Amino acid sequence: SHTLGIMQSGYNVDRILEISDEIKQTNCYHFIRNFPNIPIILPSEWKSEGYVDTLAKDTEYDLFFANNPCSGLSRININASADNDVNQYFYDVINNIHKIKPKRFLMENAPTLVTTGFSILKDITELLGPDYYINIMNDNAGNHNVPMIRPRTIITGYRKDLYKGAPLYNPDKQPMTTVKDAIGDLYDDEFAKQIDN
């Protein structure tokens, strides 16, 4: 769903660097069926020597988007901590941003990135701060026509050699959307009457 949002924003998604070699048969299955021309690059390939370096040489990227797993910081995880093994993905992202040097980057993660994961957030700003203007914002998916309350931490970066600073965001908050607002038009009255009888 994040990739669809990036595409709807007008970006051409040229590849997705995934987090596990098994993901093609699980989470990515339907995406691959619907978007067969967008390659899914598995870690066995993109973590190999030179793959990301080659990307940096071939193209100047407008945007690098990362949606790391948030289970290592999640409030529902009793073992949540900045040291959780899942949080290694943040450092993969930092490393890839260093190598690829996109004009902009965007990361989205759990709201606890600013509390439980503060040391990770500090590393992001210290390691990427010399090259990027960085913005950190807490937002809520419910503000943007999503029928759920889902607080998120959003981090953006703008390359200092291309921009005079990072814009300050003031999200255009929309009225709260209900599930009925989102999918109510899918309800079939005639079918419902048959079930009720």
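Residues numbered from 1 in each chain as written. Predicted model: local features only at pLDDT ≥ 70, side-chain atom pairs only at ≥ 80, totals over all residues. Heavy atoms only, no water.

**Student:** It is not clear to me how the pairing of strand β4 (residues 104-109) should be interpreted in this structure. Could you clarify?
**Tutor:** For a regular strand, side-chain orientation follows a simple rule: the groups alternate between the two sheet faces. Across the 6 residues that make up β4, a large majority, 5, are buried. Here strand β3 (residues 63-66) runs beside β4; their pairing, made up of 4 bridges, is parallel. Opposite Leu63, over in β4, you have Arg104 as the bridge partner. The handedness of the β3 to β4 crossover, carried by helix α5 (residues 88-100), is right-handed. Sheet analysis places β4 next to strand β6 (residues 151-159), joined by 6 bridges and oriented antiparallel. (Buried < 20%, exposed > 50% of the residue type's maximum accessible area, 1.4 Å probe, protein only. Helix = DSSP H or I, 4+ residues; strand = E, 2+ residues; numbered from the N terminus. Pairing = 2+ DSSP bridges. Right-handed = clockwise from strand over helix to strand, strands pointing away.)

**Student:** I tried to follow unusual backbone geometry on my own but got confused; where do I start?
**Tutor:** Glycine aside, the phi torsion of most residues is negative, and most peptide linkages are trans. The phi dihedral of Lys101 is positive, around 55°, even though this residue is not glycine. Counting through the fold element by element, Lys101 comes out in the loop between α5 and β4.

**Student:** I tried to follow the side chain of Asp139 on my own but got confused; where do I start?
**Tutor:** Within the secondary structure layout, Asp139 lies in strand β5 (residues 132-140). Setting aside residues up to four positions removed in sequence, Asp139 forms contacts with His144, Arg150, Pro151, Arg152, Ile154 and Pro171. (Contact = heavy atoms within 4.5 Å.)

**Student:** Would you mind going over the environment of Ser119 with me for this structure?
**Tutor:** If you trace the backbone, Ser119 turns up in helix α6 (residues 118-128). Between the C-alpha atoms of Ser119 and Ile41, which are 78 residues apart in sequence, the distance is 29 Å. Filtering out sequence-adjacent residues up to four positions away, Ser119 remains in contact with Ala82 and Tyr91.

**Student:** Sorry, what's going on with α5 here?
**Tutor:** An α-helical turn contains 3.6 residues, so any two residues separated by three or four positions project in the same direction. With 13 residues, α5 should cover 18 Å at 1.5 Å per step; its first-to-last C-alpha distance of 18 Å lies within 8% of that length. Residues Phe90, Asp92, Val93, Ile94, Asn96, Ile97 and Ile100 constitute the buried set of α5. In the segment just after α5, Lys101 is the residue with positive phi, at about 55°. (Expected span 1.5 Å × (residues − 1).)

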